[in-house]
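# Inside the fold
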Amino acid sequence: MTHLFTRRGALAGLAGSAAFPLGLRAQGAVFDAEVAIVGAGAAGVAAARELQKLGRTFVIVEARDRIGGRTFTDTSLGAPFDAGALYIHWAERNPWREIAESLRVETVDSSALTGPSQFFDNGEGTQFGGRRANFQEISRLFDPDVAPVPDVSFVERVGSLGADNRGGATAIARMALGDEPENISALDYARLWSGDDLVVPSGYGALVERHAQGLDIRTSTPVTAIDYSGAGVVLETPKGNLRVRAAVVTIPVGVLKSGAVRFTPELPAETRDGLDGLAMGALSKIGLKFNGQRFGIAPGTDLWQRLGPRASFDFECWPFGRDIVIAYFGGDHARDVVGRGEREALNIVLDEFVKLVGADARKSFERGVVHGWSVEPYSLGCYSHALPGHADSRAKLARPVAERLFFAGEATPIEEDFGGAMTAGGASLAGVAAARAAAKLFG
Ligand SMILES: Cc1cc2nc3c(=O)[nH]c(=O)nc-3n(C[C@H](O)[C@H](O)[C@H](O)COP(=O)(O)OP(=O)(O)OC[C@H]3O[C@@H](n4cnc5c(N)ncnc54)[C@H](O)[C@@H]3O)c2cc1C
């Protein structure tokens, strides 16, 4: 970016559109606001609310034409379902529980979504499926209170277990963390907080959107370059340059790693190391809408279809009694399926569902919607995990750059505590922490 402090020039081409407010003066330069928040997901919205509380001026720019990021309640099937975050994890300390309460948005225990499970091997019913695994035994391997967990791969950590437990552990990696177990640091996983989970019947994404109501968010404004070589930070967007004193950058790790945003000067080695040590999983969801037929499947039932050692689908049937089925799938299998394009992905998933419940399902199928987060350009993955041997990566990414760039989101910890990583709750805590750090610049 070469046009430092030439925002007016850039805006001249916008036929008078008031893209950004103007007029703060600091260190001899004119800034559009004290802080820019890049991204209006859980982290960005939380950062904005905190800066508002602290009385700072800020501008939020968001690449998509909607807010919420990886929290998104899709209503295109006629009933809401969460295409991204669903559970308010570790609700005891999750800020979204209190936010829901204050907005009078109903939350219920996650058991409301839990029903019986049925297991299939390539369409053939099997009695046990993954249930032969002893999940308590697996959990002990990832419990730092039982024994220190080394920074090795998930696969290496569970190598001493019997075949059934190894199978159960690798299923956790793919379906909960979204990636192949050989790519995941056991220590990074072991640090995650646990607790009670709540769900939001009207949608987690809708809750985040409501919390953002009233904030001035510039949507459809992707930041393409960030220049922090001068006294402040200049953000390049197709709607003009934005000049601020500091930026809270909540762009997902996958997008940062892709090079879609150019940094000038290049990010410091520590930040780049942090990014190199993190990767994004590929958990995907496809929603299927039916005409009210249930095919003998009770609401809340999970149908697990195993297609081989590295590929499976979980079909969550009729959540909250709605006429929809949500297919979950992760890891390389998900990358392959969503990489084939929406139409083919949808056909694959419908075919697999029909194999389990019978041909009537095809007749009563109305429409579907694909959420392949690993191919969406503004997420490029579901959430981050550290690669084996790189459990220190989150802390590296979280360190402020040049006292004016503050990376925040599900990938970054708060004060050396990594437990909230991967979640919308953790992203919000990180957003608040980054906002406070940025606000300190102004006394
Ligand atoms: C399928 C799935 C299931 C999940 N389930 C859960 C769950 O049950 N519970 C839970 O807590 N979490 C869950 N998560 C994770 C959770 O959704 C994320 O951890 C959290 O929402 C991340 O918030 P964030 O603000 O860090 O990032 P995001 O929500 O991704 O926000 C970043 C924002 O930056 C924007 N952006 C990207 N590039 C640019 C750019 N160049 N310029 C401007 N803006 C840009 C994006 O559009 C986005 O809005 C799930 C995620 C997925 C995908």
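Residues numbered from 1 in each chain as written. Predicted model: local features only at pLDDT ≥ 70, side-chain atom pairs only at ≥ 80, totals over all residues. Heavy atoms only, no water.

### Comments concerning the sheet that holds strand 11 (residues 198-199)
To be explicit about the condition: For two strands to count as paired, DSSP must find a minimum of two bridges between them. Comment: elements are numbered from the N terminus, with helices defined as DSSP H or I runs of at least four residues and strands as E runs of at least two.
In space, the 3 strands of this open sheet follow the order 7-11-8, with antiparallel pairing throughout. A strand with exactly one partner marks an edge of an open sheet, and here the two such strands are strand 7 (87-88) and strand 8 (108-109). Inspection of the sheet shows strand 8 paired to strand 11 by 2 bridges, in the antiparallel sense. Following the sheet pairing, Asp-109 is matched in strand 11 by Leu-198.

### Structural notes on the nonpolar core
Rules: Residues belong to a common nonpolar core when they are buried Ala, Val, Leu, Ile, Met, Phe, Trp, Tyr or Cys residues joined through side-chain atoms within 4.5 Å. Buried residues are those whose accessible area, probed at 1.4 Å on protein chains only, stays under 20% of the maximum for their type, while exposed residues exceed 50% and partly exposed ones sit between those limits. In what follows, residue pairs with any heavy atoms lying within 4.5 Å of each other are defined as contacts.
If you look at the biggest cluster of nonpolar residues, it comprises 38 residues, and the most contacted ones within it are Tyr-204, Leu-207 and Val-248. Mapped by element, the contributors of at least two residues to this core are strand 3 (33-38), helix 2 (42-53), strand 4 (58-61), helix 3 (95-102), helix 8 (204-212), strand 15 (240-249) and helix 15 (424-439). Among the elements that take part in this core, helix 15 stands out by supplying 7 residues, more than any other. If near-sequence neighbours (up to four positions away) are discounted, Val-248 is found in contact with Val-35, Ala-36, Ile-37, Val-38, Ala-47, Phe-406, Ala-408, Ala-434, Ala-435 and Ala-438.

### What to know about the packing of helix 3 against helix 8
In helix packing, the relevant descriptors are the interaxial angle and the interaxial distance, both defined with respect to the helix axes. What counts here: The axes are straight lines fitted to the C-alpha atoms, using for helices just the contacting stretch, and the angles between their N-to-C directions are given from 0 to 180°. Here is the rule for angles: anything less than 35 degrees is roughly parallel, anything more than 145 is roughly antiparallel, 65 through 115 is roughly perpendicular, and the remaining ranges are oblique. Following the grouping adopted for this structure description, the nonpolar residues are Ala, Val, Leu, Ile, Met, Phe, Trp, Tyr, Cys and Pro, the charged ones are Asp, Glu, Lys and Arg, and the polar ones are all others, Gly among them.
At a minimum axis separation of 11 Å, helix 3 and helix 8 run at an interaxial angle of 70 degrees. Judged by the inter-axis angle, helix 3 sits roughly perpendicular to helix 8. Every residue of helix 8 that contacts helix 3 at Trp-96, Ile-99 and Ala-100 is listed here: Tyr-204, Leu-207, Val-208 and His-211. For the contact of helix 3 with helix 8, the per-class residue count stands at 6 nonpolar, 1 polar and no charged.

### Considerations on the environment of Ile-297
Position of Ile-297 among the secondary structure elements: in the loop between strand 18 (284-290) and strand 19 (302-308). Exposure remark for Ile-297: the relative accessible area of 9% places this residue in the buried category. Between the C-alpha atom of Ile-297 and that of Val-223, which follows or precedes it by 74 residues, the distance is 46 Å. Setting aside residues no more than four positions away along its own chain, Ile-297 makes contact with Leu-303, Cys-317, Trp-318 and Val-357.

### Observations concerning helix 15
Using the following cut-off: An expected span of 1.5 Å times one less than the residue number is assigned to each helix.
Along its 16 residues, helix 15 runs 22 Å from first to last C-alpha, staying within 8% of the 22 Å computed at 1.5 Å per residue. The buried fraction of helix 15 is high, at 12 of 16 residues. Along helix 15, the residues classified as buried are Ala-424, Gly-425, Gly-426, Ala-427, Ser-428, Ala-430, Gly-431, Val-432, Ala-434, Ala-435, Ala-438 and Ala-439. Buried residues in helix 15 make contact with strand 3, helix 2, helix 3, helix 8, strand 15 and strand 24 (405-407).

### Description of the layout of surface pockets
Rule in force here: Here a cavity is any set of points on a 1 Å grid over the protein atoms alone where a 1.4 Å probe fits but cannot get out, and a pocket is any open set with protein on both sides within 12 Å along at least 5 of 7 lines; a residue lines the site when it has an atom within 4 Å of a point. Grid points are joined across faces, edges and corners, and a volume is the space filled by probe spheres set on the points.
Size it by volume and the second largest pocket reaches roughly 430 Å³. Along the wall of the second largest pocket there are 20 residues; nearest its centre are Pro-413, Ile-414, Glu-415, Ala-433 and Ala-434. Of all the secondary structure elements, the ones that give two or more residues to the lining of the second largest pocket are helix 14 (393-398), strand 24 and helix 15. Counting residues per element, the lining of the second largest pocket draws most heavily on helix 15, at 7 residues.

### Overview of the side chain of Ser-393
Along the chain, Ser-393 falls in helix 14. What makes Ser-393 buried here is its relative accessible area of 1%.

### Topic: the pattern of salt bridges
Quick reminder of the rule: Salt bridges are identified by distance alone: a Lys or Arg side-chain nitrogen within 4 Å of an Asp or Glu carboxyl oxygen.
One pass over the structure, following the stated rule, counts 27 salt bridges. A salt bridge links Arg-399 to Glu-270; the shortest N-O distance between them is 2.4 Å. Residue Arg-399 is located in the loop between helix 14 and strand 24, and its partner Glu-270 is located in helix 10 (residues 269-276); the two are separated by 129 residues in the primary sequence. On the basis of relative accessibility, which here comes to 33%, the residue Glu-270 falls in the partly exposed class. The partner of Glu-366 in a salt bridge is Arg-367, and the shortest N-O contact between them spans 3.9 Å. Judged by its relative accessible area of 41%, Glu-366 falls in the partly exposed class.

### Quick notes on the confidence of the model for the protein chain
Selection rule: Confidence scores per residue from the predictor, reported as pLDDT, run from 0 to 100.
Predicted confidence across the protein chain gives a mean pLDDT of 91, with 93% of residues reaching 70 or more. Counting contacts from residues 1-19, a segment whose pLDDT is below 50, to residues more than four positions away or on other chains yields 39 contacts.

### Details of helix 11 (residues 331-339)
To keep things clear, this is the line we draw: Along the arc lie the directions from the helix axis toward the C-beta atoms.
Buried within helix 11 are the following residues: Gly-331, His-333, Ala-334, Val-337 and Val-338. Buried residues along helix 11 cover an arc of 115 degrees about the axis, so they all sit on one side. Positive phi shows up at Gly-341, right after helix 11, with a value of about 100 degrees.

### Remarks on the packing of aromatic side chains
The condition that has to hold: Planes of paired rings set the category: under 30 degrees apart is stacked, over 60 is edge-to-face and the rest tilted, where pairs are Phe, Tyr or Trp rings (Trp by its six-membered ring) whose centres lie within 6.5 Å.
Counted according to the given criterion, the structure contains 15 aromatic pairs. A centroid spacing of 6.0 Å and a plane angle of 55 degrees characterise the contact between Phe-263 and Phe-407, whose relative ring orientation is tilted. Within this pair, whereas Phe-263 is found in strand 16 (residues 262-264), its partner Phe-407 is found in strand 24, the two being separated by 144 residues in sequence. For the pair Phe-263 and Phe-407, a shared accessibility class is recorded, and that class is buried. Between Phe-315 and Phe-353, the aromatic rings sit 5.3 Å apart at their centres with planes inclined by 50 degrees, giving tilted as the arrangement.

### Let's talk about the domain arrangement of the protein chain
So the rule is basically this: Each domain span listed reflects an automatic or database assignment of domains. By definition, the buried area sums, over both parts, the 1.4 Å-probe accessible area that each loses when the two are put together. Any pair of nitrogen or oxygen atoms within 3.5 Å is treated as a polar contact; in protein, a donor-acceptor pairing is required on top of that, and neighbouring residues in sequence qualify only through side-chain atoms on both sides.
For the protein chain, the assigned domains are domain 1 (7-68 + 204-279 + 387-442) and domain 2 (130-190). Placing a centre on the C-alpha atoms of domain 1 and another on those of domain 2 gives a separation of 33 Å. Contacts between the two partners involve 7 residues from domain 1 and, on the opposite side, 10 residues from domain 2. Of the roughly 640 Å² buried at the junction of domain 1 and domain 2 (both faces included), carbon and sulfur atoms supply 57%. Here domain 1 is connected to domain 2 by 1 salt bridge. The salt bridge involving Asp-188 is made with Arg-394; its shortest N-O contact spans 2.9 Å. The interface formed by domain 1 and domain 2 holds 4 residue pairs in polar contact (both at pLDDT 80 or more) in total. Of the residues belonging to the side of domain 1 that touches domain 2, the class tally is 4 nonpolar, 2 polar and 1 charged.

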